[in-house]
Protein chains: 4
Amino acid sequence: MAGSSFGKQLVMTTWGESHGAGIGAVVDGCPAGLPITEEYIQAYLDRRKPGGRDFATPRQEADRVRILSGIFEGKTTGTPISMEIMNTSQRSGDYGNLATTYRPGHADYGYDAKYGFRDYRGGGRSSGRETAGRVAAGAIAARLLEEKGVFVQAYVSAVGPVRCDTSRFDPLSPDPAVIAGNALSMPDPAAAEEAANYLKQLMAKQDSSGSEVTCIVKGLPAGVGEPVFDKLDAVLGQAIFSIGAVKAVEIGDGTAVVRARGSENNDGFYMKDGIVSKKTNHAGGILGGISDGSEIVIRASFKPTPSIFREQQTVNRAHEDVSLSIRGRHDPVIGPRAAVVVETMTAFAIADLLLRNENSRMER
Amino acid sequence: MAGSSFGKQLVMTTWGESHGAGIGAVVDGCPAGLPITEEYIQAYLDRRKPGGRDFATPRQEADRVRILSGIFEGKTTGTPISMEIMNTSQRSGDYGNLATTYRPGHADYGYDAKYGFRDYRGGGRSSGRETAGRVAAGAIAARLLEEKGVFVQAYVSAVGPVRCDTSRFDPLSPDPAVIAGNALSMPDPAAAEEAANYLKQLMAKQDSSGSEVTCIVKGLPAGVGEPVFDKLDAVLGQAIFSIGAVKAVEIGDGTAVVRARGSENNDGFYMKDGIVSKKTNHAGGILGGISDGSEIVIRASFKPTPSIFREQQTVNRAHEDVSLSIRGRHDPVIGPRAAVVVETMTAFAIADLLLRNENSRMER
Amino acid sequence: MAGSSFGKQLVMTTWGESHGAGIGAVVDGCPAGLPITEEYIQAYLDRRKPGGRDFATPRQEADRVRILSGIFEGKTTGTPISMEIMNTSQRSGDYGNLATTYRPGHADYGYDAKYGFRDYRGGGRSSGRETAGRVAAGAIAARLLEEKGVFVQAYVSAVGPVRCDTSRFDPLSPDPAVIAGNALSMPDPAAAEEAANYLKQLMAKQDSSGSEVTCIVKGLPAGVGEPVFDKLDAVLGQAIFSIGAVKAVEIGDGTAVVRARGSENNDGFYMKDGIVSKKTNHAGGILGGISDGSEIVIRASFKPTPSIFREQQTVNRAHEDVSLSIRGRHDPVIGPRAAVVVETMTAFAIADLLLRNENSRMER
Amino acid sequence: MAGSSFGKQLVMTTWGESHGAGIGAVVDGCPAGLPITEEYIQAYLDRRKPGGRDFATPRQEADRVRILSGIFEGKTTGTPISMEIMNTSQRSGDYGNLATTYRPGHADYGYDAKYGFRDYRGGGRSSGRETAGRVAAGAIAARLLEEKGVFVQAYVSAVGPVRCDTSRFDPLSPDPAVIAGNALSMPDPAAAEEAANYLKQLMAKQDSSGSEVTCIVKGLPAGVGEPVFDKLDAVLGQAIFSIGAVKAVEIGDGTAVVRARGSENNDGFYMKDGIVSKKTNHAGGILGGISDGSEIVIRASFKPTPSIFREQQTVNRAHEDVSLSIRGRHDPVIGPRAAVVVETMTAFAIADLLLRNENSRMER
């Protein structure tokens, strides 16, 4: 059953496979009158583009977005915005035994079990390339949020055992230039350097590393999130877990709350400059599923890239035990390119709920 | 905008406030012919019922479920199943300054910011009591899963610093009798005893503790989950984060994947008794958002109960700094009563996706 | 698959069978702060109540609505509003061969074909009694529309060959007192009298009559309706066709447009008192699926009551040809009791689209 | 709010404006393994293509569909099918006062009222050209229905006062070759000739005509349709009313039921060759919102083309009374090109409900 749409008021529908004709998204429900350009969207796509970074695959995709509808005279018209990113560098006929072998850590077996067969070229729909459509759609959401004074930023906060040191940067206001200035999208240059060395060692061993992405939302007013199933954290949970390779989502203190006591975990309210404020933000800006006016803090744990070059044991479609050697182009770590996916998915989820919240009462 | 429904093929809609007339749920889309009784549902509700356990509030609610529609001659008819659990012990007029004061760690401020006012009686819709409706709905899903050979079980795996020791029980097949046999719903009696002592110490200090719930799904075939936004983990993420007080959701190895290497995190496939199997299950049974035939492993981190009895600083509706002393009935830990909520929400999400998967191909 | 919910921003979910415990509805997504009382809703229910009119079944249901949630201190809280109307007069064990025989003109055969069995008591879910839930939900929508200056009114415009004469009343502003003052809900007393005589003749022959209901919406601003599938007429089409026994829905001139010419069917715009107005309203207030500021005019054609007392030929569950004699309580015409259903379904559809339209642009 | 998607299990999302880059649709939820080609879809598009018929606009669009995703090795993969039809002949800069003038009978005023401005080029999103996306999507549904033995056919049954004579053709099995063989898509050649003469007279007077399209569904099993809001007729009602210019939708006897008596309107069931059959089909194959195994019969009344060449009075964006002369390319009647739109929307609605029905019971 259909599962390629996300959002209820602002809705994206994505399509496309890694090595098909292209990738795209339709954004429906965007209010009319939002100024938007292809360049604005392109800047987000460029952040997830392979090839530009030391630890990304050498595949060279132009990844140029084209807007096909829904924009007139530089502004959204209120009608669906269709965008496409045509594939240009896909190679054909070169999949070897990937057509019939189930790669460990991948969805190959699941797709065959589900659909009876699959487009095996480059992972088909389960490829990370699928996220290009989301990023384009999320860029529109980010543009909408900008107009409403809400800003979203994601960065890599850990690669394997190397963790950014929050004494060296402001975790709520990391410097975008620093993040963009290193191959690992980390706001702490020292950690970035250390992580780069760690990855080089792993690559020498034909191995890969896990990573963590942190995402911050600033400027979100209190009251956003729809009880009881479309709570802000619930929708964010779906949004972030829908990104491939995510194995944990945390809000605020996350898993650390298990060991916490109520007296320390409760964020006391107080008045600051006439605004209801909190002395701490263990909650990560969400209480009872509704934004409380503080920064939203989300963390996503990405598993190590499953495509590693060392030989692995697995099975094939004929249900035989086989050994597999993966070749081709694969990042040794997922977080650096996925950070913009986390950022744009978060932006989309927040924009949808912000619009939904506009009808919460008869009088405003 | 409406957010009280969950699921797409199998849909629950819940309603009700803590101290209103009652709590209920409507389950729509359940296939006809499923045998179900009020007793079956009641058994699930009894597991979240307050009053039956040392560390639960002394509030005495009969919490009797009544089925009002959708069942005829002991079986579902395919039409909506309406269930209600009337409130019987709500007290009135005894809310003191809770009507105007924002409790730290609660949604009070968020509700006022969103709706302009709120039903302050016992937390209204944001009360944990809201989950009674979900549990009733999820019990129907669990019944449906039983028929299809799928079983879901949740238990408390940690309370504060006390963690169950998996050398003392089978974490994939915990003994339900052991779990039901201690006040903390833990499958490891020694841990349960230690946790009980820990909680008693906290209660003496008018404090509360965080906790962790683990949920296992067995018997789920490969292929369940809808790319790309309704992936199995994405839907579970929404389901579990929609439960109050959850601050992290993990699948399989969860946050530990950040430090892992691909060579150790990849679960190698192999043939076992003619079945595609995996040597390990770091993935927690989900690859690329689709079930892989292994056990699904989910963990939810619950924050400490925010209602603690020691005096706290906060603000009120008039935006004044005030101090607050909470009285009444409050559990010192959330996990033990929430385990059945995690279990039934998981069951509902799985049942919905299992039904959705039945249309995945033209021929079966 | 679930089909018991209607609306996207304002959503109703209905439940209940004719002879089960009761009938009800949950309305989710109603903005907070709308004043509403049980009495307001009851007044709508009383209009569809059997027993109060000469041409309605003698079944005596108190049909008292009870609000169970979502209202606090007389106003909506923004959380789901659950309402129930318990069945009080259902008789049991008296269904004779209706349990196994497919009544002509009814859904009995369809339900068995679909679900494998059915609740045969009084038609179960396919009974006209199901509409009680919709009427309660629609009454809330009507209350919301009132606040926004929009008013909906439905009346019976024809019974068999007897048609109201628009030279005797204002078809856009019929007198509610006149409509309520006759057993057939007609705004033209002379037509009502003639229709009553016609029905008496049919009843003597154990027969029934078709009827037509007209519904007018006043005060709806231009711009309501969502291209391209949730156009105003498309959503009204679903809403009205979802009422049992409706076989045609017309907007404005309806079927008469087939014979019309463009030069006469086009409603010319002109400025009147500074407002964009139309000289005629062949369009029934909807152009391209969007309201144009004129009155919305809808007509629904109801088939004759299928439950007639004369003997009919049909088949049974065992697939044998049998003859059937229906006894019990049945109206000889559907429109008079269905008018309020058309009115409230229209109100619900319009309220949903009015709320949805509030996000149509960035700036208002 | 988003309104560009239709269907629940099988979902189409359409995009595109008349004079933008192109038109397209994404179909999500199509089961894997359905053989489909661009040629199959193109044949449907060719039926709505302008230029090929005497009474259609001379605009020459190649209207070539391209499938961008979701098909691999000639079969659907279960992932979203993206299709686009690029615009090739749009002219620019030649809209004169259409940018600021509200055409009578069109959605221009509604779009401005709703969105604050509009893409005025060729009607933008409200153009009939929007239906190209639906036809492509509906062609996939028709292909799916074929596999399940269900066939849909639409034809023009009336143009102005000229009505096909059912004594001259089988209204339930019209000859596709005859329909394709005349410019008006009528199954009765004599009526087609008479209608052609009628239209020529109107064109000479710079006028246009209304029309009626009839659509037949054969082979649909009993049991399809989801109570109570997604009844078969309700979903068809939405589907057909969502097509521009439709002012009435009828099922079976349609508006004629108002004058009918129950004894004549009830279709008696009887056994025929071991199958539950009906002696008549006044119901048009739908009872209580569920298919009864008979042919589904739908009629849509199309208003006359609103774009006529004679001068009309209207208003402009500045709210001034102005006169308007429309030039360009406009059909004098809508039905002949819209028949395939009715057919494909019907196919899509039926296919969605057929898939939804597959989960109606635990055991089949």
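Notes on the structure follow.

Conventions adopted
Each chain has its residues counted from 1, following the order in which its sequence is written. Think of it this way: whatever chain is written first is A, whatever ligand is written first is 1, and the rest follow in order. Side-chain atom pairs in this predicted model are given and counted only at pLDDT of 80 or more, local residue features only at pLDDT of at least 70, and totals for whole chains, interfaces and linings cover all residues. Here the side-chain values reflect all heavy atoms present in the structure, with hydrogen atoms and water set aside. The helix count covers DSSP runs of H or I at least four residues long, the strand count covers runs of E at least two residues long, and both are numbered beginning at the N terminus. Between the two quantities, the radius of gyration covers C-alpha atoms and the globule rule is 2.2 Å times the number of residues to the power 0.38. Burial classification: accessible surface area is computed with a 1.4 Å probe over protein chains only, and a residue below 20% of its type maximum counts as buried, one above 50% as exposed, and the rest as partly exposed. By the convention used here, residues are in contact when the closest approach between their heavy atoms is within 4.5 Å. Each accessible area value is a Shrake-Rupley result obtained with a 1.4 Å probe; residue values ignore everything except the protein chains displayed when judging cover. Working convention for charge: Lys and Arg count positive, Asp and Glu count negative, and His plus the chain ends are omitted. Just so you know, the charge point we use is NZ for Lys, CZ for Arg, CG for Asp and CD for Glu. Two strands form a pair only when DSSP identifies at least two bridges running between them. Alignment of the copies relies on least squares applied to C-alpha atoms, considering only residues that score at least 70 for pLDDT in both. Between N or O atoms, a polar contact is any pair within 3.5 Å; within protein, one atom must be a potential hydrogen donor and the other a potential acceptor, and residues adjacent in sequence are included only when both atoms are from side chains. What gets called buried area is simply the loss in accessible area from a 1.4 Å probe that two parts show on being joined, summed for both. Salt bridges are counted wherever a side-chain nitrogen of Lys or Arg sits within 4 Å of a carboxyl oxygen of Asp or Glu. Residue type decides the class: Asp, Glu, Lys and Arg count as charged, Ala, Val, Leu, Ile, Met, Phe, Trp, Tyr, Cys and Pro as nonpolar, and the leftover types, Gly among them, as polar. Each Phe, Tyr or Trp ring (for Trp, its six-membered ring) is paired with any other whose centre lies within 6.5 Å, and the angle between the two planes then decides the class: stacked below 30 degrees, edge-to-face above 60, tilted in between. Only when the NZ atom of a Lys or the CZ atom of an Arg is both within 6 Å of the ring centre and within 35 degrees of the ring normal do we say a charge sits over the ring. In this description, a line fitted to the C-alpha atoms serves as the axis of each element, helices being fitted only across the stretch in contact, and the angle between N-to-C directions of two axes falls anywhere from 0 to 180 degrees. Roughly parallel means an angle under 35 degrees; roughly antiparallel, over 145; roughly perpendicular, 65 to 115; everything else is oblique. When the near helix sits turned anticlockwise from the far one by under a right angle, the crossing is termed left-handed; a clockwise turn instead gives a right-handed crossing.

Section: the overall build of chain A
In terms of regular secondary structure, chain A is built from eight helices and 18 strands. For 364 residues, the compact-globule estimate of 2.2 N^0.38 gives 21 Å, and chain A sits close to it at 21 Å. Counting only C-alpha atoms and orienting by the principal axes, one finds that chain A spans roughly 65 × 50 × 35 Å. Of all 364 residues assigned to chain A, the portion counted as buried reaches 68%. Sequence separation of 24 or more characterises 71% of the internal contacts of chain A that already satisfy a separation of 6 or more. Summed over its atoms, the accessible surface of chain A is roughly 11,000 Å², and 48% of this surface lies on carbon and sulfur atoms. Treating the 41 positive side-chain charges of chain A as one cloud and the 43 negative ones as another, the clouds have centres 2 Å apart.

Looking at the pairing of strand β17 (residues 312-315) of chain A
Remember that side chains alternate between the two faces of the sheet whenever the strand is regular. All names here are of chain A. Where β17 lies against strand β18 (residues 321-324), four bridges are found, and the strand directions are antiparallel. Bridge pairing in β18 places T314 opposite V322. The antiparallel hairpin formed by β17 and β18 contains five residues in its connecting segment, where H319 sits at a positive phi of about 60 degrees.

With respect to the relation of the copies chain A and chain B
For the pair chain A and chain B, the superposition axis carries a translation of 0.0 Å, the fit reaches an RMSD of 0.0 Å, and the rotation angle comes to 180 degrees. Both copies are brought into coincidence by an operation consistent with a two-fold rotation axis. An overlap of 99% is found between the interface residues of chain A and their copies at the interface of chain B, pointing to a shared contact surface.

Concerning the side chain of C:T314
On the secondary structure map, C:T314 appears in strand β17 (residues 312-315). What makes C:T314 buried here is its relative accessible area of 0%. A polar contact is formed between the side chain of C:T314 and the backbone oxygen of C:Y102, at a distance of 2.5 Å. Apart from the residues within four sequence positions on either side, C:T314 is in contact with C:T101, C:Y102, C:P104, C:E320, C:D321, C:V322, C:L324 and D:F269.

What to know about the interface of chain A and chain B
In this complex, chain A contributes 110 residues to the contact, which on the side of chain B involves 109 residues. Both faces combined, the contact of chain A with chain B buries some 8,400 Å², and carbon together with sulfur accounts for 57% of it. On the chain A side of the contact with chain B, A:M1, A:K114 and A:F229 bury the most area, a combined 11% of that side's loss. Where chain A meets chain B, there are four salt bridges. Notably, a salt bridge pairs A:D207 with B:R261, separated by 3.6 Å at the nearest N-O pair. Per-element tally for the side of chain A that touches chain B: the top contributor is helix α2 (residues 108-115) of chain A, with seven residues. For the side of chain A that touches chain B, the per-class residue count stands at 45 nonpolar, 39 polar and 26 charged.

Description of the environment of C:R317
Along the polypeptide, C:R317 turns up in the loop between β17 and β18 (321-324). Residues contacting C:R317, with those up to four places away along its chain left out, are C:A99, C:T100, C:Y102, C:D112, C:G116 and C:F117.

Some details on the interface of chain D and chain C
Taken residue by residue, the interface counts 111 residues in chain D and 109 residues in chain C. Across the chain D/chain C interface, buried area totals approximately 8,400 Å², and carbon plus sulfur atoms make up 57% of it. Of all residues in chain D, D:M1, D:K114 and D:F229 bury the most surface against chain C, accounting for 11% of the area lost on that side. There are four salt bridges connecting chain D and chain C. Put simply, chain D and chain C have 55 residue pairs in polar contact (both at pLDDT 80 or more) between them. Sheet topology note: the strand β11 (residues 246-251) of chain C/strand β11 (residues 246-251) of chain D ladder contains three bridges and is antiparallel.

A closer look at helix α1 (residues 38-48) of chain C
Taken residue by residue, α1(C) has C:Y40, C:I41, C:Q42, C:Y44, C:L45 and C:R48 as its buried positions. Summarising the contacts, the buried residues of α1(C) are in contact with β4 (65-67), β7 (81-86), α3 (131-147) and α8 (335-357) of chain C.

Brief notes about the sheet that holds strand β11 (residues 246-251) of chain A
Pairing between the strands of a sheet comes from backbone hydrogen bonds, and it takes one of two forms, parallel or antiparallel. Reading across from one edge, β9(A)-β8(A)-β10(A)-β16(A)-β11(A)-β11(B)-β16(B)-β10(B)-β8(B)-β9(B) is the order of the ten strands in this open sheet, with antiparallel pairing throughout. Looking at which strands have only one partner, the edges of the open sheet turn out to be β9 (162-163) of chain A together with β9 (162-163) of chain B.

Observations concerning the side chain of A:D292
For A:D292, the position within the fold is in the loop between β15 (290-291) and β16 (296-302). Judged by its relative accessible area of 4%, A:D292 is buried. Aside from chain neighbours lying at most four places away, what touches A:D292 is A:A222, A:K278, A:G285, A:I286, A:L287 and B:Y109.

Description of the packing of aromatic side chains
According to the stated counting rule, one finds 32 aromatic pairs over all chains in the structure shown. Each ring, one from A:Y40 and one from A:Y44, has its centre 5.6 Å from the other, and the planes form 45 degrees; the classification is tilted. On the criterion of helical spacing, the pair formed by A:Y40 and A:Y44 is a turn pair, its members being four residues apart in helix α1 (residues 38-48). Between C:Y109 and D:F269, the ring centres sit 5.7 Å apart and the planes meet at 70 degrees, which makes this aromatic pair edge-to-face. On the criterion of chain membership, the pair formed by C:Y109 in helix α2 (residues 108-115) and D:F269 in strand β12 (residues 269-272) is interchain, its members lying in two chains. When sorted by exposure, C:Y109 lands in the same class as D:F269, which is buried. Among the aromatic residues, ring-to-ring pairing joins A:F6, A:F348 and B:F229 into one connected group. Over the ring of D:F117 we find A:K75, and its NZ or CZ is 4.7 Å from the ring centre.

What to know about the packing of α1(A) against helix α3 (residues 131-147) of chain A
A packed helix pair is summarised by two numbers, namely the angle formed by the two axes and the spacing between the axes. Residues and elements named next belong to chain A. In the contact formed by α1 and α3, the axes pass within 9 Å of each other and the chain directions differ by 130 degrees. Accordingly, the angle class assigned to the pair α1 and α3 is oblique. Pair α1 / α3 crosses with right-handed handedness. Here Y40, I41, Y44, L45 and R48 of α1 come into contact with α3, specifically with T131, A132, V135, A136, A139, I140, A142, R143 and E146. Looking at the contact of α1 with α3 residue by residue, the classes come out as ten nonpolar, one polar and three charged.

A few points about helix α2 (residues 108-115) of chain B
The buried fraction of α2(B) is high, at seven of eight residues. Every buried residue of α2(B) is listed here: B:D108, B:Y109, B:G110, B:Y111, B:D112, B:K114 and B:Y115. On the buried face of α2(B), the contacting elements are β12 (269-272), β13 (275-278), β15 and α8 (335-357) of chain A. One or two steps after α2(B), the chain reaches B:G116, where phi turns positive at roughly 90 degrees.

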